[in-house]
Amino acid sequence: MNNIVEVAIPEWFEYDELVALSTIINEQDATVGVLLAGDNLDMQRPYSPVVRVYLITLQNGKYEFAKEMSALSFQSKEEAISFTTKFSNYSAIELFVDLYKQQINIAI
């Protein structure tokens with residue numbers, strides 16, 4: 001479930017030309033969430049589009065970046081965006097199976 005929340009975007013996020021794609025807040029514990037960011041979605045750099053997954057935590061009424069959890073490569077911007085739209089609906093098993101399929105497709 002996507003929520004509209006205020007996230008403190010650090011300077012390095014903008015310097016690295018990352019794009020915030022989706023923010024998902026934990027329904028059972030609203031003090032933690034995930035921010036999904038796109039990297040190289042327009043394929044201007046010599047690597048595949050990447051979705052970076054950041055853990056965010058609530059600090060003084062605003063969500064702040066706590067840690068990068070993962071960086072996942074995709075063959076196209078469309079695949080990366082599709083992944084982010086499905087992310088909040090995945091079960092753990094579905095997430096790993098889909099990620100495995102995506103990574104195999106990239107390797108081929």
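Right, let's walk through the structure included here. Remember, predicted model here, so these are calculated numbers, not experimental data.

**Re the nonpolar core**
Moving on, step 1. With 14 residues, the main nonpolar core has L36, F83 and F87 as its most contacted residues.
Moving on, step 2. Sequence-distant contacts of L36, defined by excluding residues within four places in its chain, comprise V19, A20, L21, S22, I24, V51, R52, V53, T84 and F87.
Moving on, step 3. Counting 10 residues, the second largest nonpolar core, distinct from the first, contains L18, L35, I56 and F65.

**Looking at the environment of L41**
Moving on, step 1. As for its placement among the helices and strands, L41 is situated in the loop between β3 (32–39) and β4 (50–59).
Moving on, step 2. Look past the residues within four positions of L41 in its chain and what remains in contact with it is L21, P49, V50, K77, A80 and I81.

**Section: unusual backbone geometry**
Moving on, step 1. With a phi angle near 55°, M43 is a residue other than glycine that sits in the positive phi range.
Moving on, step 2. Along the chain, M43 falls in the loop between β3 and β4.
Moving on, step 3. With relative accessibility at 45%, the residue M43 sits in the partly exposed group.
Moving on, step 4. The backbone of N60 shows a phi angle near 55°, a positive value even though the residue is not glycine.
Moving on, step 5. Among the secondary structure elements, N60 is positioned in the loop between β4 and β5 (62–73).

**Overview of the sheet that holds β3**
Moving on, step 1. Strand order in the open sheet formed by five strands is β1-β5-β4-β3-β2, and the pairing between neighbours is mixed. Sheet topology places β1 (7–8) and β2 (19–25) at the edges, where each strand pairs with a single neighbour.
Moving on, step 2. Pairing analysis gives six bridges linking β2 to β3, with the strands arranged antiparallel. Residue I24 lies in a different strand from β3, and its bridge partner there is V34.
Moving on, step 3. In the packing of helix α2 (residues 77–86) onto the sheet, contacts are made with β2, β3, β4 and β5, and the angle to β4 comes to roughly 35°.

**A few points about the side chain of N40**
Moving on, step 1. The topology assignment puts N40 in the loop between β3 and β4.
Moving on, step 2. Among the polar contacts made by the side chain of N40, one reaches the main-chain amide nitrogen of Q44 at a distance of 2.9 Å.
Moving on, step 3. Excluding its chain neighbours within four sequence positions, the residues that come into contact with N40 are R45, Y47, S48 and P49.

Rules of the game
Residues numbered from 1 in each chain as written. Predicted model: local features only at pLDDT ≥ 70, side-chain atom pairs only at ≥ 80, totals over all residues. Heavy atoms only, no water. Core = buried A, V, L, I, M, F, W, Y, C linked by side-chain atoms within 4.5 Å. Buried < 20%, exposed > 50% of the residue type's maximum accessible area, 1.4 Å probe, protein only. Contact = heavy atoms within 4.5 Å. Helix = DSSP H or I, 4+ residues; strand = E, 2+ residues; numbered from the N terminus. Pairing = 2+ DSSP bridges. Axes fitted to C-alpha atoms, helices over the stretch in contact; angles between N-to-C directions. Polar contact = N/O pair within 3.5 Å; in protein donor to acceptor, adjacent residues only side chain to side chain.

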